[in-house]
Structure formats: C-alpha cells, structure tokens
Amino acid sequence: MKISSGVSLTELMGIRLEGIVPAGILPLCLTMMLFLGPLVQLAVDSPKGLLFEIRLKCNLRSLTLCVRDLKWLRNHVVAPLTEELVFRACMLPVLVPCTGPTAAIFVCPLFFGVAHFHHISEQLRSGQNSLGDILTAAVFQFAYTYVFGIYSAFIFIRTGHMLAPVLCHSFCNSMGFPDFSRALEHPQRPVILLCYQLGVALFLLFLLPLMDPFFYGTTPICGLSLRPRAVCS
C-alpha cells in the first residue's frame, strides 16, 4: 500500500500546527455539550456557582497544588497524554492501512479497553471486594472505556490532531462517569434530567459539523487508506 508522499511520521501521529487552534477548542466544546447535565448539576450544587468554582481552581495557588499532586497529574496529564499517544497517535496509523479508517475506529478501542484490566489485579491484591464485584466492575469499565475509545479515535481521524483527544480525555477524567442515580434523587431533578437530555441532543446535532475536517486542514492519517471512507470527509 502506498502512503501519501510528503507526510512525516509526526504528522501521522497528529503532532502538527495546521488547524491546531480549532483542534484545541471545538472537540472540547463538543465533549462539554455531552456533559451538560453533570455540569449543570455541579453548578446547582455549588453554593457560589460554577463560575466561582472555576475561577477558584484556576488561580495560581490551586494550580500549584494540582501540579504537586501526583494523583492529579496522573489522571489529568500523564494518563491522557500517554494513552492517547499509544492508542490513537501510534496505533491508528498502523491500523488504518490494514482495516480502513472506519473499522480502525472500532478496532483500536478494544486494545484501549483491555489495557484497563490491570485494575483487576490491583483490586484482588487489596482484598476489599469479592471476585464477582471486581469482574462486574471490570466489564463495566471495559464497556465505557471502549465507547470513549471509539469517540477519541473518531476525533483523532477527523481532526488529524493528537491534542484534541488528549484534552477531551483529560476533561472526561476530571468529570468522571456521570452519576445518574444522584441526578434522579436531586431536588432539581426535572431541570437536571432535561439538561442531560439536552446535552445528548446537542452532542448528536453538532458531532459532524464541529468535527468537519474543513476546520483542521488535511488529515494526514486518511492518506494511509487507498479508499478513504466518509469518516475522512
């Protein structure tokens, strides 16, 4: 298979300048739409409002404390950067010539999901949960990491940037998995549930428009496929 000429390895891995500003903004905004429900829930639960909490966490002292917190660095910097580098930037350029871009989006996350099974051994050593509970949690974690992996691979292929999935990954780690049970028991349940539904609707509505390659320039990874599919255009 012939690889398009004039494309460097770093460009195939999504490390490039063309379209980097939209890649750092639009996919993150799209992801935040999906989390509209949890974000509104945070705003409602915050005594001084969500904007106050954001300003509080963005001041120099808070940022210094975060940088010194190894757990925070692992969850918000190291894990998103290394996982997107391995499972998107390195793996997708290998898969796309073999499977095509569409199939690669669904195959690549299988490795990403399996990579999280190491938590089973950690929980077994701790002895705090039964084997059944640990396996149930592992299957659930595999399911949502696989779904996120599909989304992240889609973003990478559509934008041609590693930055985009890294920022979305970091944001999702910060938010965590939505607590639906808490939303159902919330005093403002009708408003919260409406925002959950509105967030999903906005996400689906703007998914393709905001991920249009027009904003990001030529996506080098699509040049690896002899027959680029609709996912590349």
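What counts, and where the lines are drawn
Residues numbered from 1 in each chain as written. Predicted model: local features only at pLDDT ≥ 70, side-chain atom pairs only at ≥ 80, totals over all residues. Heavy atoms only, no water. Helix = DSSP H or I, 4+ residues; strand = E, 2+ residues; numbered from the N terminus. Buried < 20%, exposed > 50% of the residue type's maximum accessible area, 1.4 Å probe, protein only. Contact = heavy atoms within 4.5 Å. Areas by Shrake-Rupley, 256 points an atom, 1.4 Å probe, with all protein chains shown as cover. Core = buried A, V, L, I, M, F, W, Y, C linked by side-chain atoms within 4.5 Å. Phe/Tyr/Trp six-rings, centres within 6.5 Å; stacked < 30°, edge-to-face > 60°. Lys NZ or Arg CZ within 6 Å of the ring centre and 35° of its normal. pLDDT = per-residue confidence, 0-100. Salt bridge = Lys/Arg side-chain N within 4 Å of Asp/Glu carboxyl O. Polar contact = N/O pair within 3.5 Å; in protein donor to acceptor, adjacent residues only side chain to side chain. Expected span 1.5 Å × (residues − 1). Arc of directions from axis to C-beta. Axes fitted to C-alpha atoms, helices over the stretch in contact; angles between N-to-C directions. Left-handed = near helix turned anticlockwise from the far one by under 90°. Nonpolar A, V, L, I, M, F, W, Y, C, P; charged D, E, K, R; others polar.

When its secondary structure is counted, the chain shows 13 helices and 0 strands. Counted from the first residue to the last, the chain has its helices and strands arranged as α-α-α-α-α-α-α-α-α-α-α-α-α. Within the span of the chain, comprising 233 residues, buried residues form 38% of the whole. Residue pairs at least 24 apart in sequence account for 80% of intrachain contacts in the chain once pairs closer than 6 positions are excluded. Total accessible area on the chain stands at roughly 13,200 Å², and carbon and sulfur atoms take up 70% of it.

Along the chain, Pro165 falls in helix α11 (residues 163-175). Put simply, Pro165 and Phe154 are 11 residues apart on the chain and 9.1 Å apart in space, counted from C-alpha to C-alpha. Ignoring sequence-local partners within four residues, the contact set of Pro165 consists of Glu84, Ser152, Ile155 and Phe156.

Grouped together as the largest cluster of nonpolar side chains are 41 residues, with contacts concentrated most on Leu92, Ile157, Met211 and Ile221. Going through the elements one at a time, α2 (20-34), α6 (70-90), α7 (92-99), α8 (101-114), α10 (131-159), α11 and α13 (189-210) are the ones with two or more residues in this core. Looking at which element gives the most residues to this core, the answer is α10, with 8 residues. Ignoring any residue separated from it by four or fewer positions in sequence, one finds Ile157 in contact with Leu92, Val96, Pro101, Ile105, Thr219, Ile221, Cys222, Val231 and Cys232.

Moving on: the packing of aromatic side chains. What describes a pair of aromatic rings is the distance from one ring centre to the other and the angle between the planes of the rings. The final tally for this structure, using the stated rule, is 12 aromatic pairs. For the pair Phe112 and Phe148, a centre-to-centre distance of 6.4 Å together with 45° between the ring planes defines the contact as tilted. In this pair, Phe112 sits in helix α8 while Phe148 sits in helix α10, placing the two residues 36 residues apart along the sequence. By relative accessible area, which is 1% here, Phe112 ends up buried. For the ring pair Phe214 and Phe215, a centre distance of 5.6 Å and an interplane angle of 70° mean the geometry is edge-to-face. Three or more aromatic residues joined by ring pairs form one cluster here, namely Phe140, Tyr144, Phe177, Phe180 and Tyr196. Geometry around Phe112 places Arg88 over its ring, the cationic atom sitting 4.4 Å from the centre.

Let's shift gears to the confidence of the model for the chain. The predicted coordinates ought not to be read in detail in places where the model reports low pLDDT. In the predicted model, the chain carries a mean pLDDT of 87, and the fraction of residues at 70 or more is 90%. At the low end of the mean pLDDT range in the chain sits helix α9 (residues 118-126), at 68; at the high end sits α2, at 97.

Another aspect to go through is the pattern of salt bridges. For the structure shown, the criterion picks out 3 salt bridges. In this structure, Glu18 and Arg16 form a salt bridge, with 3.4 Å as the shortest nitrogen-oxygen distance. Overall, the relative accessible area of 9% leaves Arg16 in the buried class. Taking the shortest distance from any N to any O, the salt bridge between Glu84 and Arg88 comes out at 2.7 Å. With Glu84 and Arg88 both in helix α6 and 4 residues apart, this pair spans about one turn of that helix.

Let us now look at the side chain of His186. Here His186 shows up in the loop between α12 (180-184) and α13. Here the side chain of His186 touches Asp45 through a polar contact of 2.6 Å, side chain to side chain. Sequence-distant contacts of His186, that is, excluding residues within four places in its chain, are made with Gln41, Val44, Asp45 and Ile192.

Before going further, it helps to examine α8. Under the 1.5 Å per step criterion, the end-to-end length of α8 is 21 Å for 14 residues, consistent within 8% with the ideal 20 Å. Those residues of α8 lying buried are Pro101, Ala104, Ile105, Cys108, Pro109, Phe112 and Gly113. Around the axis of α8, the buried residues are gathered within 165° of arc, so they sit on the same side. In this structure, the buried residues of α8 make contact with α6, α7, α10 and α11.

The next thing to look at is the packing of α6 against α10. Viewed as axis vectors pointing N to C, α6 and α10 meet at an angle of 65°, and their least axial separation amounts to 10 Å. Along this stretch, α6 crosses α10, giving a crossing that reads as right-handed. Contacts between α6 and α10 involve Glu84, Arg88 and Ala89 from the former and Phe148, Gly149, Ser152, Ala153 and Phe156 from the latter. Tallied by class, the residues present in the contact of α6 with α10 amount to 4 nonpolar, 2 polar and 2 charged.

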